[in-house]
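Here are the chains, one letter per residue:
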Amino acid sequence: DETSKNGFYYDGHCIPMHNFTHHEGKQIVDHVLHLENLTKALSALMNAYGLNLRLSRSNVRNTGARLGVINMTSDSIRKVNDWAQLDFELFGYKMILPD
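Residues numbered from 1 in each chain as written. Predicted model: local features only at pLDDT ≥ 70, side-chain atom pairs only at ≥ 80, totals over all residues. Heavy atoms only, no water.

**Student:** For the overall build of the chain, give the residues involved together with the corresponding values.
**Tutor:** Each helix and strand counted, the chain has five helices and two strands in total. Each helix and strand of the chain, ordered N terminal to C terminal, gives the series α-α-β-β-α-α-α. Expressed as a percentage of the 99 residues in the chain, the buried residues total 16%. Counting only contacts in the chain whose residues sit at least 6 apart along the sequence, the fraction spanning at least 24 positions is 39%. Element-wise, carbon and sulfur atoms account for 55% of the exposed surface of the chain, whose accessible area totals about 8,500 Å². (Helix = DSSP H or I, 4+ residues; strand = E, 2+ residues; numbered from the N terminus. Buried < 20%, exposed > 50% of the residue type's maximum accessible area, 1.4 Å probe, protein only. Contact = heavy atoms within 4.5 Å. Areas by Shrake-Rupley, 256 points an atom, 1.4 Å probe, with all protein chains shown as cover.)

Take a look at the structure:
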């Protein structure tokens, strides 16, 4: 349904990221950083603006436990793909096809 597609779950905590970066299909922010290289990308961005701001690590898990795509059902993968389709497209990520 439209509510789940727009991400209005959990008091708005599940909102697709393109809602913060794009309007009517056009990017409205100057910089989009990706989590998988956030430390390096933020450092480069801060250097570009002459700012002395660095990320520090906190609240890091101290166990080897991981939850990933391998733990998801095909139905869950389909739901994520449907819900985040524009995020995948706009931010250059490939969707994983369910079995």
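**Student:** Tell me about the layout of surface pockets, and please be specific about residues and values.
**Tutor:** In this approach a probe as big as a water molecule rolls over the atoms, and the regions it shows empty are the leftover space. One number sums up the size of the largest pocket: a volume of about 330 Å³. If you go around the largest pocket, you meet 13 residues; those closest to its centre are Met17, His34, Leu35, Phe91 and Tyr93. Looking at side-chain class alone, the lining of the largest pocket contains nine nonpolar, two polar and two charged residues. (1 Å grid on protein atoms, 1.4 Å probe; cavity = no way out; pocket = protein on both sides within 12 Å on 5 of 7 lines; lining within 4 Å. Points joined across faces, edges and corners; volume = space filled by probe spheres on them. Nonpolar A, V, L, I, M, F, W, Y, C, P; charged D, E, K, R; others polar.)

**Student:** Describe the side chain of His18, and please don't skip the residues or the numbers.
**Tutor:** You can see His18 is positioned in helix α2 (residues 18-21). His18 sits in the buried class, given a relative accessible area of 14%. There is a polar contact of 3.2 Å between the side chain of His18 and the side chain of Asn19. Among all residues touching His18, those that are not within four sequence positions of it are Leu86, Asp87, Leu90 and Phe91. (Polar contact = N/O pair within 3.5 Å; in protein donor to acceptor, adjacent residues only side chain to side chain.)

**Student:** Lay out helix α3 (residues 38-48) in plain terms, naming residues and giving numbers.
**Tutor:** Within α3 the residues assigned to the buried category are Leu42, Leu45 and Met46. Viewed along the axis of α3, the buried residues span an arc of 100°, placing them on a single side of the element. Residues of α3 that are exposed and angled more than 90 degrees away from the buried face: Lys40 and Ala48. Downstream of α3 by one or two residues, Gly50 has phi in the positive range, about 70°. (Arc of directions from axis to C-beta.)

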